[in-house]
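Below, each chain spelled out in residue letters.
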Amino acid sequence: MLRMLAGFLGLTVFAAGLAGAQADEREFVTIGTASVTGVYYQAGGAICSLVRREQENHNLRCTVESTGGSIFNLNALRQGELQLGVAQSDWHFHAYKGSASFEDEGPMENLRSVFSLHGEPFTVLARADAEIESFEDLKGKRVNIGNPGSGQRATMEVLMEAYGWKVTDFALASELVSTEQAMALCDNKVDAIVFAVGHPSGSIQEATTTCESKLVDVDGEVAGKLIADNSFYAPSVIPGGMYPGNEEDTKTFGVKATLVTTEETDAETVYQVTKATLTHLKDLRRVHPAFEQLTAEGMASEALTAPLHEGAARAFREAGGIE
């Protein structure tokens, strides 16, 4: 009896040790996103949830990190502080080419694409009493231009340069993160906010529900030239009726959100993340209206400047997303 008990205990200890060893063998993968109220964070959370569904096929543990946004994520990838990050397609382009904000660092030749996600119209929302009818009217107003490190801030700086504006051309240029800007608008601390975001957006919904505010067109000659000169930009429309008090379509331009990594990230890790996402793509489409139009073919090619990571390419080939 004692021998049987000892054997049982020994087996239990062995099993516990084996479970502990398996736990120790887990690969941890972190997706850098943006603020917790944004679509990037929802996208990262949804992808990790899909990875967890496939847990029996791998040892990955996927987590989401709220960050400063696109520029932060790309810099963190360059420094090896993240395995995966969500980034606007324009800053994905500039990081890979070593242009614009990444000129000093040089080309990020080891940047790799995983897949593209939703479209992100550049969005301007103004107080109804601020006398702002077009993007040009922002000059001389109190504007939240976005926090440093965010894609929206970087895109706003591109527009400012195209218009020949400096920060001093605004009565106030605040740098609030996206979670703070809706309240700032409705508390009359700023006249307008800018956002590069998938719609519907929780921040825009909060502002338009709380105070009288309106979406502003970002079109015309300057925006048209940006689109013509840069393949990662495209005309975009925010449908009317999506937000209270905004019944007409809003014309603007936009980019796409992309999931990126580096060449050094383990191919099996990227394969499993991509495979889980494609396997449950129908469920991802239900997470947010911005994801409704996602297809394997589009995710494998649209707005991707850096080459596909070998792990992602393998998953897309198996899913029929690429030849």
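Residues numbered from 1 in each chain as written. Predicted model: local features only at pLDDT ≥ 70, side-chain atom pairs only at ≥ 80, totals over all residues. Heavy atoms only, no water.

Asker: Kindly report on the overall build of the protein, identifying the contributing residues and their values.
Answerer: Secondary structure assignment for the protein yields 12 helices and 10 strands. By its C-alpha atoms, the protein is 90 × 40 × 35 Å across when sized along the principal axes. Counting every position in the protein, which comprises 323 residues, the buried fraction comes to 50%. Within the protein, contacts between residues at least 6 apart in sequence are counted, and of these 74% link residues at least 24 apart. For the protein, the exposed area adds up to about 14,900 Å²; of that, 50% sits on carbon and sulfur atoms. (Helix = DSSP H or I, 4+ residues; strand = E, 2+ residues; numbered from the N terminus. Buried < 20%, exposed > 50% of the residue type's maximum accessible area, 1.4 Å probe, protein only. Contact = heavy atoms within 4.5 Å. Areas by Shrake-Rupley, 256 points an atom, 1.4 Å probe, with all protein chains shown as cover.)

Asker: With reference to specific residues and values, describe unusual backbone geometry.
Answerer: For the bond running from histidine 199 to proline 200, omega is 0 degrees, close enough to zero to count as cis. As for its placement among the helices and strands, proline 200 is situated in the loop between β7 (192-196) and α7 (202-210). Residue glutamate 131 is not a glycine yet carries a positive backbone phi of 60 degrees. Following the sequence through the fold, glutamate 131 ends up in the loop between β4 (111-127) and β5 (142-144). Accessibility expressed as a relative area gives 63% for glutamate 131, which makes it exposed. Positive phi, close to 60 degrees, is recorded for asparagine 188, a residue that is not glycine. With respect to the helices and strands, asparagine 188 occurs in the loop between α6 (178-186) and β7. Judged by its relative accessible area of 38%, asparagine 188 is partly exposed.

Asker: Provide a residue-level description of the state of the cysteines, including the pertinent values.
Answerer: Evaluation of the coordinates by the stated rule reveals 2 disulfides. Sulfur-sulfur distance for the disulfide between cysteine 186 and cysteine 211 comes to 2.1 Å. Residues cysteine 186 and cysteine 211 are joined by a disulfide whose S-S torsion is about -70 degrees; by sign, that bridge is left-handed. On the criterion of sequence distance, the pair formed by cysteine 186 in helix α6 and cysteine 211 in the loop between α7 and β8 (213-216) is long-range, its members being 25 residues apart. Here cysteine 186 falls in the buried class, since its relative accessible area comes to 17%. A relative accessible area of 15% places cysteine 211 in the buried class. Of note for the protein: the bonded cysteines, numbered N- to C-terminal, pair according to 1-2, 3-4. (Disulfide = S-S within 2.5 Å.)

Asker: Report on the packing of helix α2 (residues 39-53) against helix α9 (residues 267-279), specifying residues and quantitative values.
Answerer: Close contact between α2 and α9 brings their axes to 8 Å; oriented N to C, the two are set at 95 degrees. With respect to α9, the axis of α2 lies roughly perpendicular. Across the interface between the two elements, Ile47, Leu50 and Val51 from α2 touch Val273, Ala276 and Thr277 from α9. The residue inventory of the contact of α2 with α9, partitioned by class, reads 5 nonpolar, 1 polar and no charged. (Axes fitted to C-alpha atoms, helices over the stretch in contact; angles between N-to-C directions. Parallel < 35°, antiparallel > 145°, perpendicular 65-115°, else oblique. Nonpolar A, V, L, I, M, F, W, Y, C, P; charged D, E, K, R; others polar.)

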